[in-house]
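Listed here are the chains, written in short residue letters.
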Amino acid sequence: MISRRKFLAVGSLAGASVLSGNKSLGMTVDDSFFTGSPIVISTWDFGIAANAAAWQILKNKGRALDAVETGVHVPEADPNNQSVGYGGLPDRDGRVTLDACIMDEFGNCGSVAALEHIIHPISVARKVMEKTPHVMLVGSGALQFALDQGFKKENLLTPASERAWKEWLKTAKYNPEINVENRLFSPAKLPGNQFNHDTIGMLALDAAGNMSGACTTSGMAYKMHGRVGDSPIIGAGLYVDNEIGGATSTGVGEEVIRNVGSFLVVELMRQGYSPEEACKEAVMRIIRKKPETAKQIQVGFLALNKKGQFGGYAIQRGFSFAVCNQNDQNQLIKSPSYY
């Protein structure tokens, strides 16, 4: 039993800790500091073009949800981006399968996984959110739903990606190769430059102070057919809590899923961590659990809180993220990393 005196003393200390921003106790981020200036952030260099499209919505006081959907349409439709949407590298059987999810300020979310033949899986994910009682549709069911909603069936395997796949087949052992996207070109070309293509995760805060997020990818090149990574998994590849902020991830999705990475980042921000600190701790969870595996893979997290503060952190060097606000629409930031 605890005495009344000790109970009151503990309560007083807890209150003082919250007021001082002690990270050991849960706390809600105070969004009273939000200036009303919208912002959008996204993963990788190609996020600049995606942000520019999203900014057209945000600068006119549009909704963050519309902004992130419009923004990620850009890489989804880019045939030169070989891991998002049209032109994505196929699985080991030569089939391009797409994963995507979207989440709004009310906690509503929609997702598709292993979707074929549709250029914009993010828009199908939004339809799942708005038109069905479900969160996720997969495979042939997701495709049938998309077609029922008026989406056009198309061949997503471009000649360039087909050539790359056939070249891979010459020596392939049908084992997915981690980060193969980054090694399709000269080893001297580091991840994070124009030759790197990976998942795009996007977070936006609109003029009304509301947040939404989107995440879309064609996944790991030459993966086993049916493999799904973190990108369509709410809480792994993307999570948004309109009281606190949002987070998204990029890299080897299996490790993100095992740590429920984006949800973890948001919950750490709830405890008072800055976006960068929260991303770093999520990365460190992966490293501490599997130190040898972590040396061979890349995972990066990106976060935005309700104050408009942002940050990222990655296992390996080379992760970059794009930032767009009223002051600068073309920011590209090199993320700090553990290695």
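Up top you'll find the structure we're talking about.
The structure displayed is predicted, hence computed values, not measured ones.

Student: Before we go on, may I ask you to explain a nonpolar patch on the surface in this structure?
Tutor: Where nonpolar side chains cluster on the molecular surface, the patch consists of Val 135, Met 136 and Val 138 and spans about 220 Å² of accessible area. The exposure class assigned to Val 138 is partly exposed, which follows from its relative accessible area of 46%.

Student: I tried to follow the packing of aromatic side chains on my own but got confused; where do I start?
Tutor: Ring pairs (aromatic) are described by centroid distance and by the angle formed between their planes. Here the structure, examined in full by the defined rule, presents six aromatic pairs. For the pair Trp 44 and Phe 319, a centre-to-centre distance of 5.2 Å together with 75° between the ring planes defines the contact as edge-to-face. With Trp 44 in the loop between strand 1 (39-43) and helix 2 (47-58) and Phe 319 in the loop between strand 10 (310-314) and strand 11 (320-325), this residue pair connects regions lying 275 residues apart in the sequence. Trp 44 gets classed as buried once you look at its relative accessible area, which sits at 1%. Centre to centre, the rings of Phe 310 and Phe 321 are 6.2 Å apart; their planes meet at 80°, and the pair counts as edge-to-face.

Student: In this structure, what is going on with the pairing of strand 11? I would like to understand it.
Tutor: Where burial is concerned, most of strand 11 is hidden: six out of the six residues are buried. Of the strand pairs in this sheet, strand 1 and strand 11 are connected by five bridges, and their pairing is antiparallel. Looking across to strand 11, one finds that Ser 42 is bridged to Ala 322. Pairing between strand 11 and strand 12 (residues 331-334): four bridges, direction antiparallel. Looking at strand 12, one finds that Phe 321 is bridged to Ile 333. The antiparallel hairpin formed by strand 11 and strand 12 contains five residues in its connecting segment.

Student: Sorry, what's going on with the sheet that holds strand 5 (residues 200-205) here?
Tutor: Where strands meet in a sheet, backbone hydrogen bonds hold them as pairs that are either parallel or antiparallel. Across the sheet, eight strands lie side by side as 4-3-2-6-5-1-11-12; this open sheet has mixed pairing. With partners counted over all chains shown, the strands left at the sheet margins are strand 4 (136-138) and strand 12, one partner each. Put simply, the sheet's adjacent strands are angled 10° from each other on average, direction ignored. Pairing geometry for strand 5 and strand 6 (residues 211-217), over six bridges, is antiparallel. By the bridge assignment for strand 6, Ala 204 is matched with Ser 212. Against the sheet, helix 2 makes contact with strand 1, strand 5, strand 11 and strand 12, and its axis sits at roughly 155° relative to strand 1, the strand it touches most.

Student: I would appreciate a short explanation of the sheet that holds strand 10 in the present structure.
Tutor: The antiparallel open sheet is built from four strands, whose spatial order is 7-8-9-10. In this open sheet, the two edge strands, each paired with only one partner strand, are strand 7 (238-241) and strand 10. For this sheet the average axis-to-axis angle between neighbouring strands, irrespective of direction, equals 10°. Looking at chain direction, strand 7 and strand 8 (residues 245-251) are connected through four bridges and run antiparallel. Residue Val 240 lies in a different strand from strand 8, and its bridge partner there is Gly 246. Contacting strand 7, strand 8 and strand 9 (299-305), helix 8 (residues 261-270) crosses the sheet at an angle of about 145° to strand 8. Together, strand 9 and strand 10 form the strand contacts of helix 9 (residues 275-289), whose direction differs from that of strand 10 by roughly 20°.

Student: Where do I start with the side chain of Asn 242 in this structure?
Tutor: Following the sequence through the fold, Asn 242 ends up in the loop between strand 7 and strand 8. Look at Asn 242 and you get buried, because its relative accessible area is 17%. Here Met 211 takes part through its backbone nitrogen, which lies 2.9 Å from a polar atom of the side chain of Asn 242. Filtering out sequence-adjacent residues up to four positions away, Asn 242 remains in contact with Glu 105, Gly 209, Asn 210, Met 211 and Lys 306.

Student: Just checking my understanding: could you explain helix 9 for this structure?
Tutor: Structurally, the α-helix is built with 3.6 residues per turn, so residues lying three or four positions apart point the same way. Taking 1.5 Å per residue, 15 residues should reach 21 Å; helix 9 reaches 22 Å between its end C-alpha atoms and fits that length. Among the residues of helix 9, Pro 275, Ala 278, Cys 279, Glu 281, Ala 282, Val 283, Met 284, Ile 286 and Ile 287 are the ones counted as buried. Next to the buried residues of helix 9 lie helix 7 (253-258), helix 8, helix 10 (291-294), strand 9 and strand 10.

Student: Please clarify how the pattern of salt bridges should be interpreted in this entry.
Tutor: A side chain of one charge can pair with a side chain of the opposite charge when the charged atoms of the two come close. All chains considered together, the criterion is met by 17 salt bridges. Between Arg 270 and Glu 243 there is a salt bridge, with its nearest N and O atoms 3.7 Å apart. Here Arg 270, found in helix 8, pairs with Glu 243, found in the loop between strand 7 and strand 8; they are 27 residues apart in sequence, far enough to count as distant. Among the residues examined, Glu 243 registers a relative accessible area of 47% and is labelled partly exposed.

Student: What should I look at first to understand the nonpolar core in this one?
Tutor: Side chains that are nonpolar tend, in soluble globular proteins, to be buried together. If you look at the biggest cluster of nonpolar residues, it comprises 76 residues, and the most contacted ones within it are Ile 102, Val 112, Val 265, Val 299, Phe 301 and Ile 315. Counting residues per element, this core draws most heavily on helix 9, which supplies seven residues. Formed by six residues, the second largest nonpolar core is a distinct cluster that contains Ala 164, Trp 165, Trp 168 and Tyr 222.

Cut-offs and rules
- Residues numbered from 1 in each chain as written.
- Predicted model: local features only at pLDDT ≥ 70, side-chain atom pairs only at ≥ 80, totals over all residues.
- Heavy atoms only, no water.
- Patch = residues over 30% accessible without salt bridge, like charges linked within 9 Å, V, L, I, M, F, W, Y side chains within 5 Å.
- Areas by Shrake-Rupley, 256 points an atom, 1.4 Å probe, with all protein chains shown as cover.
- Salt bridge = Lys/Arg side-chain N within 4 Å of Asp/Glu carboxyl O.
- Buried < 20%, exposed > 50% of the residue type's maximum accessible area, 1.4 Å probe, protein only.
- Phe/Tyr/Trp six-rings, centres within 6.5 Å; stacked < 30°, edge-to-face > 60°.
- Helix = DSSP H or I, 4+ residues; strand = E, 2+ residues; numbered from the N terminus.
- Pairing = 2+ DSSP bridges.
- Axes fitted to C-alpha atoms, helices over the stretch in contact; angles between N-to-C directions.
- Contact = heavy atoms within 4.5 Å.
- Polar contact = N/O pair within 3.5 Å; in protein donor to acceptor, adjacent residues only side chain to side chain.
- Expected span 1.5 Å × (residues − 1).
- Core = buried A, V, L, I, M, F, W, Y, C linked by side-chain atoms within 4.5 Å.

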